[in-house]
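Per-entry structural report
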Amino acid sequence: MSAALELAGLRTTLDTPRGELRGVDGVDLAIARGECFALVGESGCGKSMTALSVLRLLPEAGRITGGSVRLGELDLLALPEAAMRTVRGRRVAMIFQEPSTALNPVLTVGRQVAEVIERHTSLRGAAVRARVLELLGAVGIPEPERRMHEYAFQLSGGLRQRAMIAGALAVDPEVLIADEPTTALDVTIQAQILELLAKLQRERGMALLLITHDLGIVAKMADRVAVMYAGEIVEVAPRAAFFRAPQHPYSQKLFAALPGAAQRAGPLAQIPGQVPPLTQAFAGCRFAERCELAFERCRREPPQPIALESGHEVRCHLRERERAAPRAAPAGEPAARAAAAARPLLEVRDLKVHFPIRRGVLRRTVGHVKAVDGVSLAVAEGRTLALVGESGSGKTTVGKAILQLLRPTAGSVRYAGEELTGLARAAMKRHRAAMQIVFQDPYASLNPRMRVADILAEGMRSLGVGATEAERARRIGALLEQVGLPADAQARYPHEFSGGQRQRVAIARALAVEPRLIVCDEPTSALDVSVQAQILNLLRALQERLGLAYLFITHNLAVVEYLAHEVAVMRGGQIVEQGPAGQVLGAPRHEYTRALLAAVPKVD
Amino acid sequence: MIAYIIRRTLYAIPILIGINFITFGLFFLVNTPDDMARMQLGVKRVTPEAIEKWKAERGYDKPLLYNAAESGRRFLTETIFFEKSVKLFVFDFGRAEDNRDIANEIRTRMGPSLALAVPVFLVGIAVNITFALGMAFFRATYLDLWGVILCVAMMSISSLFYIIGGQYLVSKLWHLVPISGYAEGTDAVKFLVLPVLIGVVGGIGAGSRWYRTLFLEEMGKDYVRTARAKGLAESAVMFRHVLQNAMIPILTGVVVVIPLLFMGSLITESFFGIPGLGSYTIDAIQAQDFAVVRAMVFIGSVLYILGLLLTDLSYTLVDPRVRLD
Amino acid sequence: MPVLLPTDALVWLLVAAVAAFAWYSSRRPHLAAPWARVLRSRAAVASAVVLGCFMLVGLLDSLHYRPALPAKDPGAPVAYSVEVRSALDALLTPLRTKLEKTYSAPLATRLYQKETVERPDGSTAREFPRLAHGGAHLKDEARWGRDVALRILAGLAGAVALWSLAVLAGRRTLARRWPRVPWSAAAAALGGLLALAGPAAMLAGGYHVLGTSQVGSDVLYQALKSIRTSLVIGTLTTLVLLPLGIVAGIAAGYFKGWVDDVIQYLYTTLNSIPGVLLIAASVLMVQVYVDTHPELFPTSAQRADFRLLALCAILGAVSWTGLARLLRGETLKLAELEYIQAAHAFGVSHSRVLGRHILPNVAHIVIISLVLDFSGLVLAEAVLSYVGVGVDPSTTSFGTMINAARLEMAREPMVWWSLAAAFFFMFALVLAANLFADAVRDGFDPRVRV
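No experiment lies behind these values; they were computed from the predicted model shown.

Attention now goes to the domain arrangement of chain A. Residues and elements named next belong to chain A. Along its sequence, chain A is organised into domain 1 (1-91 + 178-261), domain 2 (100-172), domain 3 (344-434 + 515-599) and domain 4 (448-512). Across the contact, 12 residues belong to domain 1 and 15 residues belong to domain 3. Summed over both sides, the interface of domain 1 with domain 3 buries roughly 1200 Å², with 58% coming from carbon and sulfur. Connecting domain 1 to domain 3 are 0 salt bridges. Our enumeration of links across domain 1 and domain 3 arrives at 5 residue pairs in polar contact (both at pLDDT 80 or more). No other element matches helix 8 (residues 187-204), which puts 3 residues into the side of domain 1 that touches domain 3. When the residues that make up the side of domain 1 that touches domain 3 are grouped by side-chain class, the tally is 7 nonpolar, 3 polar and 2 charged.

Contacts between chain B and chain C engage 48 residues on the former and 48 residues on the latter. Here chain B packs against chain C, burying approximately 4100 Å² in sum over the two surfaces, 76% of which is carbon and sulfur. Run the count over chain B and chain C and you get 1 salt bridge. With its nearest N and O atoms 2.6 Å apart, the salt bridge here joins Asp438(C) to Arg209(B). Run the count over chain B and chain C and you get 5 residue pairs in polar contact (both at pLDDT 80 or more). Listing elements by their share of the side of chain B that touches chain C, those giving two or more residues are helix 1 (2-29), helix 2 (33-41), helix 7 (142-155), helix 8 (159-173), helix 9 (188-219), helix 12 (266-272), helix 13 (277-287) and helix 14 (290-318) of chain B. Among the residues forming the side of chain B that touches chain C, the class breakdown is 31 nonpolar, 12 polar and 5 charged.

What follows concerns the pattern of salt bridges. Two side chains with opposite charge may pair up if their charged atoms get near one another. A full pass over the atoms with the stated rule returns 57 salt bridges over all chains. For Arg139(B), the salt bridge goes to Glu60(A), with nearest N and O atoms at 2.4 Å. Here Arg139(B), found in the loop between helix 6 (102-137) and helix 7, pairs with Glu60(A), found in the loop between helix 1 (47-55) and strand 4 (62-71), and the two come from separate chains. By relative accessible area, which is 19% here, Arg139(B) ends up buried. The exposure class assigned to Glu60(A) is exposed, which follows from its relative accessible area of 59%. Arg228(C) serves as the salt-bridge partner of Asp8(C), at 2.6 Å between the closest nitrogen and oxygen. Taken together, the residues Asp8(C) in helix 1 (residues 6-26) and Arg228(C) in helix 9 (residues 219-255) connect sequence positions 220 residues apart. There is no split in this pair, since Asp8(C) and Arg228(C) are both buried. If you follow the salt bridges from partner to partner, you end up with Arg11(A), Arg22(A), Asp25(A), Glu232(A), Arg286(A) and Arg315(A) in one network.

Turning to a nonpolar patch on the surface, a few remarks are in order. All names here are of chain B. Together, Met1, Ile2, Ile6, Leu10, Ile13, Ile17, Phe21, Phe89 and Val90 line one region of the surface with nonpolar side chains, adding up to about 860 Å² of accessible area. Topologically, Phe21 is positioned in helix 1. For Phe21, a relative accessible area of 47% corresponds to the partly exposed category.

A word on the packing of aromatic side chains. Counting across every chain of the model gives 21 aromatic pairs over all chains. Geometrically, the ring pair formed by Phe27(B) and Phe290(B) is edge-to-face, given 6.3 Å between the ring centres and 70 degrees between the ring planes. Of this pair, Phe27(B) sits in helix 1 while Phe290(B) sits in helix 14, placing them 263 residues apart in sequence. A residue is classified by how much of its surface remains accessible, and Phe290(B), at 1% relative accessible area, is buried. Stacked on the ring of Phe295(A), the Lys or Arg Arg321(A) has its end atom at 5.8 Å from the ring centre. Directly above the ring of Phe27(B) sits Arg294(B), whose terminal nitrogen or CZ lies 5.7 Å from the centroid.

Between chain A and chain B, the residue contacts involve 29 residues of the former and 26 residues of the latter. Summed over both partners, the interface of chain A with chain B comes to about 2500 Å²; 59% of that surface belongs to carbon and sulfur atoms. For the pair chain A and chain B, the interface holds 13 residue pairs in polar contact (both at pLDDT 80 or more). Going through the elements one at a time, helix 1, helix 3 (99-102) and helix 4 (109-120) of chain A are the ones with two or more residues in the side of chain A that touches chain B. Examining the composition of the side of chain A that touches chain B, we find that 5 residues originate from one element, helix 4 of chain A, more than from any other.

This part covers the nonpolar core. If you look at the biggest cluster of nonpolar residues, it comprises 224 residues, and the most contacted ones within it are Ile507(A), Phe93(B), Ile102(B), Ile267(B), Ile358(C) and Ile402(C). A total of 18 residues in this core trace back to one element, the largest contributor, which is helix 14 (residues 350-387) of chain C. Grouped together as the second largest cluster of nonpolar side chains are 80 residues, Ala102(A), Val116(A), Ala163(A) and Ala170(A) included.

Before going further, it helps to spend a moment on helix 17 (residues 499-511) of chain A. With 13 residues, helix 17 of chain A should reach 18 Å at 1.5 Å per residue; the first-to-last C-alpha distance of 19 Å fits that figure. All of the buried residues along helix 17 of chain A are Gly499(A), Gly500(A), Arg502(A), Gln503(A), Arg504(A), Val505(A), Ala506(A), Ile507(A), Ala508(A), Arg509(A), Ala510(A) and Leu511(A). Structurally, helix 17 of chain A contributes buried residues whose contacts are with strand 18 (435-438), helix 15 (452-463), helix 16 (469-482), strand 19 (517-521) and helix 18 (529-546) of chain A together with helix 13 (338-345) of chain C.

A word on the sheet that holds strand 3 (residues 36-40) of chain A. All names here are of chain A. Strand order across the open sheet formed by 8 strands is 6-7-8-3-9-10-12-11, with mixed pairing between neighbours. Two strands close off the open sheet at either side, each with one partner strand: strand 6 (92-95) and strand 11 (306-307). When strand 6 meets strand 7 (residues 175-179), the two strands line up parallel, connected through 4 bridges. Of the residues in strand 7, the one forming a bridge with Val92 is Val175. Strands in contact with helix 1 are strand 3, strand 6, strand 7, strand 8 (207-212) and strand 9 (224-229); relative to strand 6, the strand with the most contacts, it is inclined by about 145 degrees.

A few words now on the pairing of strand 9 of chain A. All names here are of chain A. Buried residues dominate strand 9, accounting for 6 of its 6 residues. The side-chain alternation of strand 9 yields two buried faces, one formed by Arg224, Ala226 and Met228 and the other by Val225, Val227 and Tyr229. Counting the residues in the hairpin turn of strand 9 and strand 10 (residues 232-238) gives 2 residues, including Ala230, whose phi is positive at 50 degrees.

So, on to the side chain of Arg109(B). Position of Arg109(B) relative to the elements: it lies in helix 6. Beyond its immediate chain neighbours, meaning those up to four positions away, Arg109(B) contacts Pro275(B), Gly276(B), Leu277(B), Ser279(B) and Tyr280(B).

Cut-offs used in this document
- One numbering rule holds for all chains: residues counted from 1, following each sequence as written.
- Chains carry letters from A onward and ligands carry numbers from 1 onward, assigned in written order.
- Two thresholds apply to this predicted model, a pLDDT of at least 70 for residue-level local features and 80 or more for giving and counting side-chain atom pairs, whereas whole-chain, interface and lining totals are computed over all residues.
- To obtain the side-chain values, all non-hydrogen atoms of the structure were used and water was disregarded.
- Marked domain ranges trace back to an automatic or database domain assignment.
- Whether two residues touch is decided by their heavy atoms; if any such pair falls within 4.5 Å, the residues are in contact.
- By definition, the buried area sums, over both parts, the 1.4 Å-probe accessible area that each loses when the two are put together.
- By convention in these notes, a salt bridge is any Lys or Arg side-chain nitrogen within 4 Å of a carboxyl oxygen on Asp or Glu.
- Between N or O atoms, a polar contact is any pair within 3.5 Å; within protein, one atom must be a potential hydrogen donor and the other a potential acceptor, and residues adjacent in sequence are included only when both atoms are from side chains.
- Note on conventions: DSSP H or I runs of at least 4 residues are helices, E runs of at least 2 residues are strands, and numbering of each starts at the N terminus.
- Here the term charged refers only to Asp, Glu, Lys and Arg, the term nonpolar to Ala, Val, Leu, Ile, Met, Phe, Trp, Tyr, Cys and Pro, and the term polar to all other amino acids, Gly among them.
- Each residue's exposure class comes from its accessible area (1.4 Å probe, protein chains only) as a fraction of the maximum for that residue type: buried when under 20%, exposed when over 50%, partly exposed otherwise.
- Only residues above 30% relative accessible area that lack a salt bridge enter a patch, with like-charged residues linked at up to 9 Å and the nonpolar side chains Val, Leu, Ile, Met, Phe, Trp and Tyr linked at up to 5 Å.
- Using the Shrake-Rupley algorithm and a 1.4 Å probe, accessible areas are obtained, with residue cover drawn only from the displayed protein chains.
- Side-chain rings of Phe, Tyr and Trp (the six-membered ring for Trp) are treated as a pair once their centres are within 6.5 Å; stacked means planes under 30 degrees apart, edge-to-face means over 60, and tilted covers the remaining angles.
- For a Lys NZ or an Arg CZ to count as sitting over a ring, it must be within 6 Å of the ring centre and within 35 degrees of the ring normal.
- Take the buried Ala, Val, Leu, Ile, Met, Phe, Trp, Tyr and Cys residues and link them wherever side-chain atoms come within 4.5 Å; each set so joined is a nonpolar core.
- One fewer than the residue count of a helix, multiplied by 1.5 Å, yields its expected span.
- In this scheme, strands are said to pair when DSSP sees at least two bridges between them.
- Here an axis means a line fitted to C-alpha atoms, over the contact stretch when the element is a helix, while the angle between two N-to-C directions is reported on a 0 to 180 degree scale.

Rendered as structure tokens:
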């Protein structure tokens, strides 16, 4: 195996106000020509910093402190900056997560591709143009003659990422680094982009370093896999071996935490605690604090990589003695969650939310954006209705219109038989306690200027839950316990908590006013998979204990399979298919549902 | 585009009316014409007859808003509001205290004002952008640090001292150019060199520092990293990518003042004795010539609104995302 | 008899408000943490010391009284002078009262212009006469150099002694209480100030340190008196600017719709009028009002004070639009944030959403724009006073000092000391304010937090 790219003992630090952060702490890996190597890990594990270190494109606070990066015979870390620039784009290219910000907004797409060609070859003028057209065609951009003169904002997210890929591949690099290339994209677009990457890699025989947090993508794309945790690679293996029997306890947990239909019977496995801050020095195994299998030696002595058979390596003391068993097969039939015909709590009929488009001298309304266009659904007591759709399908708007945070244009929203649309602010207040909402972004959903106790008390005070302050204080204590937060959380401010803990505070805030229905608007999509498992378990436990109904808005079908009783699939402001979860996901009737299901990369 | 310009022009009408009411209130309601007459004629020893005469000469002897003594159109037109405020809309400014026609005076003084303001504006932008690019290029080095310190120090000096210091050094000590004055034609150059130089130097501190912030902000964006990942040299990154994007916020601040260049610069013109609109305004303020101040307020506002419109239009040139409709 | 001029009242009100805000902030981590970050910057600490000294002078100059006239006969009721003085005037009595005839250069012993003097022998000659006070204690003018050097040395010795005392005391108290503040920067700034103030104080006993003005008054005294004017304009303006800017900006961003339309119309209109001209027109009108209503302002101090107050009000009324626009933009963004949506889902009232959610989250913008505005206002005063639409000509300010000195530009040799004094004091004040403002912006701007 001849390595196209080889990292040995790479160390990278980042200066932060809290001290020196060792983001990459001794990473070794080698990628062969024509190989797709996946680097997997949760946020903050150092995978992006590893990629940026290869190209020496670290942010200004960052610096490479040790190790080597070899590209064939060339030591990249020893090159002067000018020579490094002849490597970037020419021999090693990179594409980034967010194609909408990674493209220059004021240059045409064609110009940005041409720039690479002109930088690294002697082609000029018409030859460059011809090459740009060829490249745009090769990455599947329709009508390249027209598109090359367009700007990034005129392209859809998928086309933007295709344009990024065209620029990266313009001069046939030997290595392509793709840093979460599809995370910002919808699942159907993601499938297309992954397919394109795989095809281009096959055709050109380049090495692909694919950085991702999604094991499904790894299963679909990778030849070999490395799992990163807290700045180190804890496991490297060929794909098949890795998916058959992951050896590191962390890798095993990552698999177990994945939601899905097979896990419906019980709670998901979760990793307790959180990733340790990388500003500290480690005495033993970095995962020991969160590992159920840890023993005394793990806390004392850092494990060294242990080579198992055929290129499988793992950093774990346990593996000195024995191999881990293969992953348990998915637990047969999804257990049907009790399907009692409960009475509907919320009924939405023919809901429409239109936003006017104004044009011309007098700003006349010339048309409407039909964000929601005739949605009907019902949520029964104690049940979960999942509203599934891709970005722009109008699913979030439905949630806000139900809570009357947005005025619906037409249609009816009935809670327990009472009509809510058209109610005045004061009249609506009577119903506010019954319906609450949990938002997506745990960083934007809590006021950074308020203590947790005040955040939880605000709704109670406003809606008159709890007669006295003392009663409310008692209730706050109980709520925190219910969502699994320590009692001393009350006096603290949101910034002192991690994303998962904040989401618990947000759930406690909604629970504070004793609602019957909670609208969950993508509550786990900003969270890592292990934390997502914690929140999903919590939501399910609360439903069982309190009999809550959920309207669960999400784009993540695995979460739907795990949690939902009923499913409604939304597209373009309308519901295209609706029914019991098993039926919609198991035997989809609508073409779009089928496409959506087919596009999700699966682990198994 | 045309529809946009029309709409913006229509928007300007209520704003101009608002400005008109503000100036009217300021000039005629805070103090009555009688008060102004008393003030102009000297507070003591002033007879009612003198006041009436002063008011009659200037047309301040009419009622403020409506004229009960007249009927029909003249009910409204024979008033101070119509004569002094509404007529501003057709650029009829009336006469100054020295009985000269204000509109005519403005026309002749526009030339010298522009001769000073335009070079200051253009050279200033070029110098500031150059300095800012330099600091951004050498960001986080001592060169950048001392550049910023120099900028802050230069910002902390009053513009008056730039003028006084410049006059002293260049004209008085080194006798390079005349200390003040103005001449028509190409002779103007020797009178304009110093004020232009001072205008540019005085603006370096705030200008370069502001542009540096804009450049650094752009340099933190993702597309710059993409450009570097392509292997582009730092200079290509700066000029092709960063500068073009930073031009968008720079334009907001810059284009809006272009029409206001006509107004000249108050302080510099009066220090250097340049017969432009700036010194005209200062003289009027010091002589308490209300008619001239009123006219300049109105012209300044019209030019500012024009500047806002130009700013929006200029976006279409540098930012492809902006489509005006 | 104490006199409370309107600006004094407002200045002390502002001091009380700042103290209350400081106490409030110290109990709120989200406000205390940025201030702690500000005070970790060396430049901020050093400039805070300099600003503090300026503030001290300004506050001393804001304690006004009318001195009692010497009683003509015992037992008569105490009569008070019509002249209003301040605590600073009392402290600087020697500087205030030692008047010369006209210009004299710094540390000079003789006047700047020739006069016909009578010699002891009866003959007359045109020469530079000795000053009435500057160097009058010198019998022999040849000993001038020695005297000046001695005084400087004595002043420096005093400065070193004072500085050592302050540093020792500071180490015991402040540095123990707040160990993370870079006190060495404060000590350096204090040392620099004392090294200037000590010799100046010693020299002022016998000379005019910065010379005298056309009417023979001490330029150092004028410069110190100008500080209050600058500070009043830089701070009192905010009393008008803040409420207007905050209410208009937040209301426009939060309520949107017609409220937004009206407020946007208001500030676009106001913004369209060139600032200097609007200020000039307003000040002219105030001037007409003052001149035609002499009965309202019995003393010249009251008249000057009213004009100063009016100038602050006008500056505030003209410059709230910038803050309003900033706050409107930020409020528009905040109103879409999820925690505000969550508050709406609880049916929380508008007033509570504004008070608990919006206002605390835009507070940093208000603070940043306040400190950034300060130096701009100080500089604006000089220009406006130069144009003639600033403070009352009888009020001492940097602007009036420059304006008066400018008339002597053409003189040979030049009278430079008034300009130099105004330049130096203004530069120190504005530079300190700018450096401090930079640190505040870095400390409060959420973008710099990692």
